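Residue-level listing of the chains:
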Amino acid sequence: MEVAALVALTLLLGALVILVALAVGRRKEELKEEAEQAAETSADASAAKGPTPKKQKQEKQRSRKDKAAQHSFSHPLLAASLKGHSGNVTCLDFSSNGKYLASCADDRTVRIWSTKDFLEREHKCLRANVELDHATLVRFSPDSRAFITWLSNGDAIRIFKMIKKDDGTFSFKAASEDFPQKHKAPIVNIGIAETGKFIMSASTDTTVLIWDLKGELLASINTNQMTNSYAAVSPCGRFVASCGFTPDVKVWEVCFGKGGEFREVTRAFDLKGHSAGVHAFAFSNDSHRMVTVSKDGSWKLWNTNVEYKKQQDPYLLRTVPCSSSDGSRAALSPDGRVVAISDGCNVAMFDAATGNLEEELHGVHSEEITDIRFDINSRFLVCCGDKAIRVFHNAPGYRAAIRDMQDMLKKAQNEAMKQRLQQQISEAQSALDTVLAAPAE
């Protein structure tokens, strides 16, 4: 019995020793943590006097990065800065009816802005979520009731329908299936014909694909330009054009039968004149003019209103020196009066008729400009590159319109016509004065 009691007592004492050891160890850890907290508190209190701890340096660097992301910009022609995206905006598109601007960003959303709010203090937008992906490109349908997107991870086109609600806003519904994956290289652009007959997608590997609206592949074009830097559908809906490593812009006509059935894609004409590869191009609203910007340090304006089936070639109207770089974009106002060229974070605006440099906008975005467009009425120029969308008054357009009407007034012989032109000149001048007098955004 005594031996058993002794063994039990020994075990009890051993357990107590273990418990004491654990308690002492835990207390040591608590004291260590308290010491570390005290050291951090002391370091925070003496941060202004002594050397900055590594942790604080990291926090300051992070703070600087956040400030860099919040790029501030002001200019007398800045009408608005549209802020809603939490990621960098990569693409913009105006609806055919002029009521909406679509934007997409790497925050997994597409946002629809009302153009009538551009001059208001608040800029509300509607948000369409891109599930499990994000859109890098967006284009409105011709009826402004849907839009197409290019999915970054899915490498495919997804269609969204815009369903109008009773309060006048929209809800958005993605199509049940995305287009098939056909491209084998990064995408450079997508487009949808104003006729509603086809969709275009183009990638860097010289491939341009023509689709019907249901995702059936109609044709594949090899541009033979070594690489594609840009491609687009003409506003008239007849043509598809591409540019790239070679100094030419190639244009094809997408042909349909009288019953609306697809027939073929045929080569229409080329724009030849640059001495180096072409970064990008743009059409006027009637597709009768095109502007191209090249690595050779110039932009060119072309008359493309030709009968190419009779072997008539487009003819060059103007060559103007400009700054450009890889990724430069071009925009031609719908009325054909103003050319805008992006170069890195900057934008230059030119008078299309004279080639004169009218405006230089420096440091518009904190990163390279990814898209640049005029609204359908040629009142505004919009661009994107970081989280904000900049909206500028098209002052060069107002000035060009006034000059054109003054020329018409000199030639007018009818008194009623003279009075009408004088009234229009007065209204345009008043609008320009208002724009120039408005405080910068």
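Residue numbers run consecutively from 1 along every chain, following the written order of its sequence. In keeping with the predicted nature of the model, local features appear solely for residues at pLDDT of at least 70, side-chain atom pairs appear and are counted solely at 80 or more, and the whole-chain, interface and lining totals rest on all residues. To get the side-chain values, all heavy atoms of the structure are used, and hydrogens and water are removed first.

### Here we look at the side chain of Ser203
Part 1: We count a stretch as a helix when DSSP gives it H or I for four or more residues in a row; a strand needs E for two or more, and each element gets its number in order from the N terminus. Checked against the element boundaries, Ser203 lands in strand β11 (residues 199–203).
Part 2: Whether two residues are in contact is decided by their heavy atoms: any pair within 4.5 Å suffices. Residues within four places of Ser203 in sequence aside, it is in contact with His183, Ala185, Pro186, Ile187, Val188 and Asn228.

### Some words on unusual backbone geometry
Part 1: Of note, Leu132 is a non-glycine position whose phi angle comes to about 55°, a positive value.
Part 2: Taking relative accessible area as the criterion, Leu132 reaches 75% and is therefore assigned exposed. Under the scheme applied here, a residue whose accessible area is under 20% of the maximum for its type counts as buried, over 50% as exposed, and between as partly exposed, the area being computed with a 1.4 Å probe on protein chains only.

### Digging into the nonpolar core
Part 1: In this text, buried Ala, Val, Leu, Ile, Met, Phe, Trp, Tyr and Cys residues form a nonpolar core when linked through side-chain atoms within 4.5 Å. Core analysis: the largest hydrophobic core is formed by 31 residues, its most contacted members being Phe281 and Trp299.
Part 2: The element best represented in this core is strand β18 (residues 278–283), accounting for five residues.
Part 3: If near-sequence neighbours (up to four positions away) are discounted, Phe281 is found in contact with Tyr230, Ala231, Ala232, Ala241, Ser242, Cys243, Val249, Met290, Val291, Thr292 and Ala330.
Part 4: Counting 29 residues, the second largest nonpolar core, distinct from the first, contains Tyr100, Ile112, Ala128 and Ile192.

### Brief notes about the environment of Met405
Part 1: Here Met405 is to be found in helix α3 (residues 395–411).
Part 2: Judged by its relative accessible area of 11%, Met405 falls in the buried class.
Part 3: Sequence separation of Met405 and Ile425 is 20 residues, and the distance between their C-alpha atoms is 6.6 Å.
Part 4: Setting aside its immediate chain neighbours within four residues, Met405 contacts Leu421, Gln424, Ile425 and Ala428.

### With respect to the packing of α3 against helix α4 (residues 415–437)
Part 1: Axis definition: a line fitted to C-alpha atoms, over the contacting stretch in the case of helices. Angles run 0 to 180 degrees between N-to-C directions. One way to put it is that α3 packs onto α4 with a least axis distance of 9 Å and a crossing angle of 160°. Viewed along their axes, α3 and α4 adopt a mutual orientation that is roughly antiparallel. As for the relative orientation of α3 and α4, their crossing is left-handed in sense. The segment α3 lies against α4, with Ala395, Tyr398, Arg399, Ile402, Met405, Gln406, Met408 and Leu409 engaging Lys418, Leu421, Gln422, Gln424, Ile425, Ala428, Gln429, Ala431, Leu432 and Val435.
Part 2: Residue composition of the contact of α3 with α4, by class: twelve nonpolar, four polar and two charged. By the definition adopted for this analysis, an angle is roughly parallel if under 35 degrees, roughly antiparallel if over 145, roughly perpendicular if from 65 to 115, and oblique otherwise. For any helix crossing, the convention is left-handed if the near helix is rotated counterclockwise from the far helix by under a right angle, and right-handed if that rotation is clockwise. Any residue outside Ala, Val, Leu, Ile, Met, Phe, Trp, Tyr, Cys, Pro, Asp, Glu, Lys and Arg is labelled polar, Gly included; the first ten of those are nonpolar and the last four are charged.

### Some remarks on the sheet that holds strand β17 (residues 262–271)
Part 1: Two strands are counted as paired when DSSP detects at least two bridges linking them. A sheet is described by the order of its strands in space; here four strands give the open sequence β14-β15-β16-β17, paired in antiparallel fashion. What marks the edges here is a single partner per strand, and that holds for β14 (228–233) and β17. Going from strand to strand, the sheet's axes swing by 20° on average, the running direction of each strand aside.
Part 2: By the bridge criterion, five bridges tie β14 to strand β15 (residues 239–244) in an arrangement that is antiparallel. Bridge pairing in β15 links Tyr230 to Cys243.

### A look at α3
Since there are 3.6 residues in each turn of an α-helix, residues three or four apart along the chain are aligned in direction.
Part 1: Each helix should span, by expectation, one fewer than its residue count multiplied by 1.5 Å. Its 17 residues place the ends of α3 25 Å apart at the C-alpha level, agreeing with the 24 Å of an ideal helix rising 1.5 Å per residue.
Part 2: Turning to α3, its buried residues are Ala395, Pro396, Gly397, Tyr398, Ala400, Ala401, Ile402 and Met405.
Part 3: Looking at the buried residues of α3, the elements they touch are β23 (338–343), β24 (346–351), β25 (357–361), β28 (388–393) and α4.

### What about the pairing of strand β10 (residues 187–192)?
Part 1: In terms of burial, β10 is largely enclosed, as six of its six residues are buried.
Part 2: Taken together, the five bridges between β10 and β11 define a ladder with antiparallel strand orientation. The partner of Ile190 across the bridge, within β11, is Ser201.
Part 3: Hairpin geometry of β10 and β11 is characterised by an intervening segment of six residues between the two adjacent antiparallel strands and by a positive phi of about 75° at Gly196.

### What about the pattern of salt bridges?
Part 1: Take a side-chain nitrogen of Lys or Arg and a carboxyl oxygen of Asp or Glu: if they are within 4 Å of each other, that pair is a salt bridge. Inspection of every chain in the model, using the stated rule, returns twelve salt bridges.
Part 2: The salt bridge involving Asp404 is made with Arg337; its shortest N-O contact spans 2.7 Å. With Asp404 in helix α3 and Arg337 in the loop between β22 (330–332) and β23, the pair connects residues that are 67 residues apart, well separated along the chain.
Part 3: Each of Asp335, Arg337, Asp351, Arg403 and Asp404 takes part in salt bridges that share partners, so that together they form one network.

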